[in-house]
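# Coordinate analysis (summary)
The residues making up each chain are set out below.
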Amino acid sequence: MESSTFILFGATGDLAKRKIYPALYHLFVEQKLPPTFSLIGLGRREWSDELFRANVKQSLLQFSRREAKDPALLNAFLRAFRYCILDAGHIEDYRKLLRLIEQREAELGLSPNRLFYLSVGPEFFDTIAANIRESGLGSADGWKRLVIEKPFGHDLQSARDLNRKLNQAFEEHEIFRIDHYLGKPMVQKLEVLHQTDPVLRELWTNRRIANVQITANETVGVEERAGYYDHAGAVRDMFQNHMLQLLMMLAVHFPNDNTSGNARLKKKKVMEVLEPLQKQEASANVIRGQYKEGSVQGKPVTAYTSEPGIDHASMNDTFIAAKLRIDDSFWGETPFYIRTGKRMREKSTRIVIEFKDTETPASPTKDGSRAPNLLVIEIGPGEGITLHFDKKRPGQKEQVIPIPVDFPANGDDVPEAYENLIFDALRGDPAFFAHWDEVELSWKWVQPILEAFEENLVPLRPYAAGTYGPVESDKLLAEDGFHWWLDA
Ligand code: BG6
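Residues numbered from 1 in each chain as written. Predicted model: local features only at pLDDT ≥ 70, side-chain atom pairs only at ≥ 80, totals over all residues. Heavy atoms only, no water.

You'll find the chain entered in an unreviewed UniProt entry as Glucose-6-phosphate 1-dehydrogenase, with Paenibacillus hemerocallicola given as the organism. Under the UniProt heading Sequence similarities (unreviewed entry), the note attached to the chain is "Belongs to the glucose-6-phosphate dehydrogenase family." As its UniProt record puts it under Function (unreviewed entry), the chain is described as follows: "Catalyzes the oxidation of glucose 6-phosphate to 6-phosphogluconolactone." (UniProt positions renumbered as here; feature names shortened; annotations may be inferred.)

If you want it as structure tokens, here you go:
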């Protein structure tokens, strides 16, 4: 890997502390960082280099999945860290930063490759990108890359505006948009899923797949993010990005498609053939919910509208379920059901593929319902793939066969999403970052839903905290003769 400087905007922030420093440290321990490496942390606080390093060290002790015990290793890591005060709107501060970067590049003999990581609110993205260009920070001989985190815009128009502004300073191939779901080890496996196992290869035909269910349930509520979340809702916070990325990653499997490589092009193709929903059709295909008070894992919790910072009359969605169709010859007959919500009964991100029984008639269960086979892909917490034969209603005996997945033997040592993604950004591999085409097509697909919510064309359904969401979400599948699998 080429030597480079990691320039971190938002170095005193929460994301840096919880995710970025631990990820960098793990990469360092595994010798996956360039041999000479420089990190410059930026923030508005008046920190010295020493205070900055002390804070980074503290975050490693608190959040690293590896014990940061070896003092020699830790000190070697921290030696790369420098701090610089910067106000995102002050061009002078960027010029000062440029001098510091150049000085470090000279000291360490680094090539002028610069990775700008914006761990700051999205309202700063365009200003920072413009100032990077203005100040000459991005004009060195080496490569430059911009790493940003969602949200990329608030709707289709604002996403386009933002992208246009970013493109004035960075070209598309220089922009690495993090969707941390794409960094999850199991999500990264989805792309090659049907090739990994002969049984799966056999099952993976549209003659056999009855439906696909993608769930990302969380037990947490709005947490301390009322200001952001009450304007975003589940549709922007999870659905437009993480959920549609899961759909794309799974649906890129066209078994007869032998075009090698570029998964991003294939993902774009999925979005292009995802049947658009018109605003008027939203209420028939989308369920919008909001949690009321209830009990989550034994603890009583308050209703969304009683959460600190949330408007008592808020109509914001904390749950969304939707039925989608991919209009192509492979997936055309297969409904995809997607749901995500806060304050659900358990934390679980998983994909369930329900198979049709094509050879023998389904063996009837006691209550007369079908007993199909399922492929279950656990994405988190905990990863794994299992085939469930003859899946019956809860409590009845079934056969579960694990499908081997190539993960480290020690379950605790599976790299975290940020580790994978930072490593890829440093080596310039864009495969698991969201391309603008995907982001734009996702906003385009979601836009009629945003408008339908705005105009109240889709009723807001209450659900008790600690459940699986509004009953209407079950009805969405029942209309097609299905139900959500694996709800306890
Ligand atoms: C984030 C959302 O992108 O993803 C959060 O903003 C959500 O609201 C989180 O809690 C869920 O991520 P994970 O990895 O815990 O499923």
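That shown, we press on.
## Side note on the pattern of salt bridges
Considering all chains together, one arrives at 27 salt bridges under this definition. The residue Lys279 makes a salt bridge to Glu455 at a minimum N-O spacing of 3.0 Å. With Lys279 in the loop between helix 11 (263-273) and helix 12 (282-285) and Glu455 in the loop between helix 14 (436-454) and strand 17 (460-464), this residue pair connects regions lying 176 residues apart in the sequence. Relative accessible area serves as the criterion here: at 42%, Glu455 is assigned to the partly exposed category. Arg427 serves as the salt-bridge partner of Asp429, at 3.8 Å between the closest nitrogen and oxygen. Within this structure, Lys150, Glu218, Arg225, Asp237 and Lys342 form a network of salt bridges that share partners. (Salt bridge = Lys/Arg side-chain N within 4 Å of Asp/Glu carboxyl O. Helix = DSSP H or I, 4+ residues; strand = E, 2+ residues; numbered from the N terminus. Buried < 20%, exposed > 50% of the residue type's maximum accessible area, 1.4 Å probe, protein only.)

## Here we look at the UniProt feature "binding site: substrate" (unreviewed entry) in the chain
Sites flagged by UniProt as "binding site: substrate" (unreviewed entry) map to His180, Lys184, Glu218, Asp237, Lys342 and Lys347. Here Asp237 lies in helix 10 (residues 226-251). Under the relative-accessibility criterion, Asp237 is labelled buried at 3%. Counting through the fold element by element, Lys347 comes out in the loop between strand 12 (336-341) and strand 13 (348-355). By relative accessible area, which is 40% here, Lys347 ends up partly exposed. In contact with Lys347, other than residues within four places in its own chain, are Asn217, Glu218, Thr219 and Pro381. (Contact = heavy atoms within 4.5 Å.)

## Considering the site of the ligand
Around the ligand, a shell composed of Lys150, His180, Tyr181, Lys184, Glu218, Arg225, Asp237, Met238, His242, Lys342 and Lys347 is seen. Glu218 is positioned such that a nitrogen or oxygen atom in its side chain is 2.5 Å from an oxygen atom of the ligand. Bound to the protein, the ligand loses 80% of the 400 Å² it would expose on its own. For the shell around the ligand, the residue count by class is two nonpolar, two polar and seven charged. (Near = heavy atom within 4 Å. Polar contact = N/O pair within 3.5 Å; in protein donor to acceptor, adjacent residues only side chain to side chain. Areas by Shrake-Rupley, 256 points an atom, 1.4 Å probe, with all protein chains shown as cover. Nonpolar A, V, L, I, M, F, W, Y, C, P; charged D, E, K, R; others polar.)

## Section: the sheet that holds strand 2 (residues 37-43)
The six strands are arranged 3-2-1-4-5-6 in an open sheet whose pairing can be described as parallel. One side of each edge strand has no neighbouring strand; the edge strands of this open sheet are strand 3 (81-85) and strand 6 (175-178). Averaged over all adjacent pairs, the angle separating strand axes in this sheet is 20 degrees, with direction ignored. Two strands pair when backbone bridges link them, and strand 4 (residues 114-118) and strand 5 (residues 144-149) are joined in this way by five bridges, in the parallel orientation. Bridging across to strand 5, Phe116 finds its partner in Leu146. (Pairing = 2+ DSSP bridges. Axes fitted to C-alpha atoms, helices over the stretch in contact; angles between N-to-C directions.)

## Details of helix 13 (residues 417-427)
The buried fraction of helix 13 amounts to ten of the eleven residues, a majority that puts the element mostly inside the structure. Listed as buried for helix 13 are Ala417, Tyr418, Glu419, Asn420, Leu421, Ile422, Phe423, Asp424, Ala425 and Leu426. Following helix 13 by one or two positions, Gly428 adopts a phi angle in the positive range, close to 75 degrees.

## What to know about the nonpolar core
Grouped together as the largest cluster of nonpolar side chains are 144 residues, with contacts concentrated most on Phe6 and Phe239. The leading source of residues in this core is helix 10, at 14 residues. Mapped onto the domain boundaries, this core takes at least three residues apiece from domain 1 (4-149) and domain 2 (182-359 + 369-415 + 435-479). Not counting residues up to four positions away in its chain, the partners in contact with Phe239 are Ala234, Leu244, Ile320, Ala322, Leu324, Ile338, Trp445 and Val446. (Core = buried A, V, L, I, M, F, W, Y, C linked by side-chain atoms within 4.5 Å. Domains from an automatic or database assignment.)

## Some points on the UniProt feature "binding site: NADP(+)" (unreviewed entry) in the chain
Summarizing the sequence annotation, UniProt attributes the feature "binding site: NADP(+)" (unreviewed entry) to Gly10, Ala11, Thr12, Gly13, Asp14, Leu15, Ala16, Lys17, Arg44 and Lys150 in the numbering used throughout. One can find Asp14 in helix 1 (residues 14-29). Residue classification places Asp14 among the partly exposed residues on the basis of a relative accessible area of 43%. Considering the arrangement of structural elements, one finds Lys150 in the loop between strand 5 and helix 6 (156-167). Excluding residues within four positions of it along the chain, Lys150 makes contact with Ile178, Tyr228, Asp237, Asn241 and His242. A polar side-chain atom of Lys150 sits 3.0 Å from the main-chain carbonyl oxygen of Asp237.

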